[in-house]
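Here are the chains, one letter per residue:
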Amino acid sequence: MTNNSQTIYALSSGALPAAIAVVRISGTYAFEAARLLGAESLISRKLVLTKIQPAGQEIIDMALVCAFPKKQSITGEDLVELHLHGSIAVIDELFLFFSSIKELRPAEAGEFTKRSLINGKMDITEVEGLADLLASETKQQRIQSIKLLKGELSEKYAHWRQKLIKARAEMEALLDFSDEGDVVQNTKDNAFIINISDLIADIEKDLVRGIAGERLRKGLKIALIGPPNVGKSSLINLLLKEDRAIVSASAGTTRDIIEARLNLKEVPVTLYDTAGIRETSDKIEKEGVSRSKSIAQEADIILYIRDASADSKEKIIELSDNKFSRIIYVYNKADLIEEKSYLNKEGFHISCKTKQGIEGFIEGLGAEVKKLTSFSDMTVGPNRIRHINHLNETKESLELALK
């Protein structure tokens, strides 16, 4: 018996103890295993209150049992769901009984989904959508993953595939039967060239969507960069609404990177509070400065924090290593500025002490986050590097075909 043909079982719900525990059994022996538990009257796709009691043994639990024939199950195999009380003792006793049945074995991680894929109940992008849904932290991530799980991306690419097959058939017909009048008429003006060009344009749009989709799935990196003692730690504490970073009047307090996760406008972002960047002979602080520059190179958005009350000739930190980041200038300590015309500088002018300008800054930062993780239409797009690589390969092949 192969590994994939064995009947498997696993706890499919959350950690125990819990109010309810859902146990799944999938495979050719699933219905028989349920009967051995005392579920004599299995009704397709209906929950039946059942006394879970193997023959000659004590009762394990009272549970709801539901049977799914393979044509109607998510795995493409006979499937049984047991809805039990979420007790550790109940599940331990149940699994102990399962271990005595040679036809059953515990499922490996993700094996129910794997069988859905193998049996054609889901395709690879739908499986990825399910994984994304389980890992989603925000509303926008949930919306994106649901579209993949529903098969919207698969349907779009299947439609593109049909276009390619048609274009190829027209090209082959023109090459093989060019002396026949009806073929020449049907391929008049080389319509397949127009179709291929249109498909290339569609792929280019999806590549743009792919960059935004990948960012949304993984979350954005936002680095707070600036000289020492300009309020980076104070700002990150305000954004998180908790005292996560140590705040001190002494310059160079932050030596290491402080990392925190935040839901900003329904997009997951990771904030990095970095060490103040300056020339220093302190080995520890020098390492902190080096790490700060490294984080800046990887960030999607750089918040360049400056002291609004400091000399306007303050040395500008060189951030040219990152050519892809959006740099947003934030001037803290705006409450100390008497000359209001100074506040006309490009960027956000805030005060972490008085909270002046904080609301507008958060709105502006949220708008930038939205720009990087969304696109003009609501069409589902790719959201993995794998998708983007395949699209790039297809685009290159189509461009070569046009030549």
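Look a little higher up for the structure.
Throughout what follows, the structure given in this document is the object of discussion. (Residues numbered from 1 in each chain as written. Predicted model: local features only at pLDDT ≥ 70, side-chain atom pairs only at ≥ 80, totals over all residues. Heavy atoms only, no water.)

**A look at the overall build of the chain**
- If you tally the helices and strands in the chain, you get 12 helices and 12 strands.
- Split into buried and exposed, the 403 residues of the chain put 43% on the buried side.
- In the chain, the share of contacts with a sequence separation of at least 24, taken over all contacts with a separation of at least 6, comes to 61%.
- Put simply, the chain shows about 22000 Å² of open surface, and 53% of that area lies on carbon and sulfur atoms. (Helix = DSSP H or I, 4+ residues; strand = E, 2+ residues; numbered from the N terminus. Buried < 20%, exposed > 50% of the residue type's maximum accessible area, 1.4 Å probe, protein only. Contact = heavy atoms within 4.5 Å. Areas by Shrake-Rupley, 256 points an atom, 1.4 Å probe, with all protein chains shown as cover.)

**Structural notes on the sheet that holds strand β4 (residues 61-68)**
- Judged by pairing direction, the sheet is mixed, and its six strands sit side by side in the order β3-β4-β5-β2-β1-β6 without closing on themselves. On the outer flanks of this sheet lie β3 (48-52) and β6 (104-106), each paired with one strand and no other. Pairs of neighbouring strands in the sheet enclose a mean axial angle of 30 degrees, with direction left out of account.
- Where β4 meets strand β5 (residues 79-86), five bridges bridge the pair, whose relative direction is antiparallel. Bridge assignment links Leu64 to a residue of β5, and that residue is His83.
- Its contacts with the sheet put helix α2 (residues 88-98) on β1 (7-11), β2 (18-26), β3, β4, β5 and β6, and the angle it makes with β5 is roughly 145 degrees.
- The strands that helix α3 (residues 111-118) touches are β1, β2, β5 and β6; relative to β1, the one it contacts most, it runs at about 135 degrees. (Pairing = 2+ DSSP bridges. Axes fitted to C-alpha atoms, helices over the stretch in contact; angles between N-to-C directions.)

**Some details on the pairing of strand β9 (residues 267-273)**
- Counting buried residues along β9, seven of its seven residues qualify, which places the element largely inside the surrounding structure.
- Side-chain alternation along β9 places Val267, Val269, Leu271 and Asp273 on one buried face and Pro268, Thr270 and Tyr272 on a second face that is also buried.
- Pairing between strand β7 (residues 220-225) and β9: five bridges, direction parallel. Bridge pairing in β9 places Lys221 opposite Thr270.
- Across seven bridges, strand β8 (residues 258-264) lies against β9 in antiparallel orientation. Across the sheet, Leu264 pairs through a bridge with Val267, a residue of β9.
- Between β8 and β9, which pair antiparallel in sequence order, lie two residues; one of them, Lys265, sits at a positive phi of approximately 55 degrees.

**Here's the deal with the pattern of salt bridges**
- As enumerated under the stated definition, the model contains 22 salt bridges in all.
- Among the salt bridges present, the one from Glu81 reaches Arg24, with a minimum N-O distance of 3.0 Å. A residue pair is termed long-range when its members are at least 10 positions apart, and Glu81 in strand β5 and Arg24 in strand β2 qualify at 57 residues.
- Across the pair Glu363 and Lys265 runs a salt bridge whose closest N-O atoms are separated by 2.8 Å. Of this pair, Glu363 sits in helix α11 (residues 358-373) while Lys265 is found in the loop between β8 and β9, placing the two residues 98 residues apart along the sequence.
- When its relative accessible area of 44% is taken as the criterion, Glu363 is described as partly exposed.
- In this structure Lys265 comes out as partly exposed when scored by relative accessible area, which is 32%. (Salt bridge = Lys/Arg side-chain N within 4 Å of Asp/Glu carboxyl O.)

**Let's talk about the sheet that holds strand β10 (residues 301-307)**
- Across the sheet, which stays open at both edges, the six strands sit in the order β8-β9-β7-β10-β11-β12 with mixed pairing between neighbours. Two strands lie at the open edges of the sheet, namely β8 and β12 (348-349), each paired on one side alone.
- Lying on the sheet, α11 is in contact with β7, β8, β9, β10, β11 (326-332) and β12; it crosses β10 at an angle near 155 degrees.

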